[in-house]
Amino acid sequence: MAVAISNVKPIVSLPGVKLATCTVTLDTSYPTGGTVGITAALEAAGLPIDSGIIAFAALQSAGYDYDYLPATDALKVWGGAAAGAGVGVEVANATNLSAKSIVVLVVYE
């Protein structure tokens, strides 16, 4: 299962850039390399992304670190007890992270 997006709240719209917050519930089976299709998930939740995501920042950690990779439109998860090590180690393939939800700030066009 892919990530689930909820509580989408646009905060500001400026010429050429928009900001919103939302809650991301992570995968039931995290894939190595990250969860792809973040833009489509945000759009399906009601966020009108015209040209792409400029920045995607976790405002909470839930015990992990996160990277949004624009080239692959993927959310990569690092560290935490599920990784068996500390920061800098990607979460193992097929790890169930669905009990983890994070609030993120999305900057988009």
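Look above for the structure.
Keep in mind that what you see is a predicted model, and the values were worked out from it rather than measured.

S.K.: Would you explain the overall build of the protein in this entry?
M.R.: Looking only at helices and strands, the protein has 1 helix and 7 strands in total. Taken from N to C terminus, the helices and strands of the protein fall in the order β-β-β-α-β-β-β-β. Relative to the globule expectation of 13 Å for 109 residues, the C-alpha radius of gyration of the protein, 13 Å, shows essentially globular dimensions. Dimensions of the protein, computed from C-alpha atoms along their principal axes, come out at roughly 45 × 25 × 20 Å. Here the protein holds 109 residues, and 39% of them are scored as buried.

S.K.: Quick question: what am I supposed to make of the nonpolar core here?
M.R.: For soluble globular proteins, nonpolar side chains are generally found buried alongside one another. Counting 25 residues, the largest nonpolar core has V24, I38, L42, I53, F56 and V106 as its most contacted members. Those elements that provide at least two residues to this core are β2 (17–25), α1 (38–44), β4 (53–58), β5 (65–69), β6 (74–78) and β7 (101–108). The dominant element in this core, judged by the number of residues it contributes, is β7, at 4 residues. Discounting residues that sit within four places of it in the chain, V24 has contacts with V3, A4, I5, F56, L75, K100, S101, I102 and V104.

S.K.: In this structure, what is going on with unusual backbone geometry? I would like to understand it.
M.R.: Working note: non-glycine residues mostly have negative phi, and peptide bonds are mostly trans. At A62, a position not held by glycine, the phi torsion is positive, near 55 degrees. Residue class for A62 comes out partly exposed when judged on its relative accessible area of 29%. In this structure, D73 is a non-glycine residue whose phi angle is positive, near 55 degrees. Relative to the elements of secondary structure, D73 occurs in the loop between β5 and β6.

S.K.: Hey, could you run me through the pattern of salt bridges in this one?
M.R.: A side chain with one charge may pair with a side chain of the opposite charge, provided their charged atoms come close. Applying the stated criterion across every chain yields a total of 2 salt bridges. We note a salt bridge from K18 to D50, for which the minimum N-O separation is 3.7 Å. With K18 in strand β2 and D50 in the loop between α1 and β4, the pair connects residues that are 32 residues apart, well separated along the chain. When its relative accessible area of 24% is taken as the criterion, K18 is described as partly exposed. E90 is paired through a salt bridge with K76; the nearest N and O atoms lie 4.0 Å apart. Separated by 14 residues along the polypeptide, E90 in the loop between β6 and β7 and K76 in strand β6 bring together distant segments of the chain. The class of K76 is buried, set by a relative accessible area of 17%.

Criteria and thresholds
- Residues numbered from 1 in each chain as written.
- Predicted model: local features only at pLDDT ≥ 70, side-chain atom pairs only at ≥ 80, totals over all residues.
- Heavy atoms only, no water.
- Helix = DSSP H or I, 4+ residues; strand = E, 2+ residues; numbered from the N terminus.
- Rg over C-alpha atoms; globule rule 2.2 N^0.38 Å.
- Buried < 20%, exposed > 50% of the residue type's maximum accessible area, 1.4 Å probe, protein only.
- Core = buried A, V, L, I, M, F, W, Y, C linked by side-chain atoms within 4.5 Å.
- Contact = heavy atoms within 4.5 Å.
- Salt bridge = Lys/Arg side-chain N within 4 Å of Asp/Glu carboxyl O.

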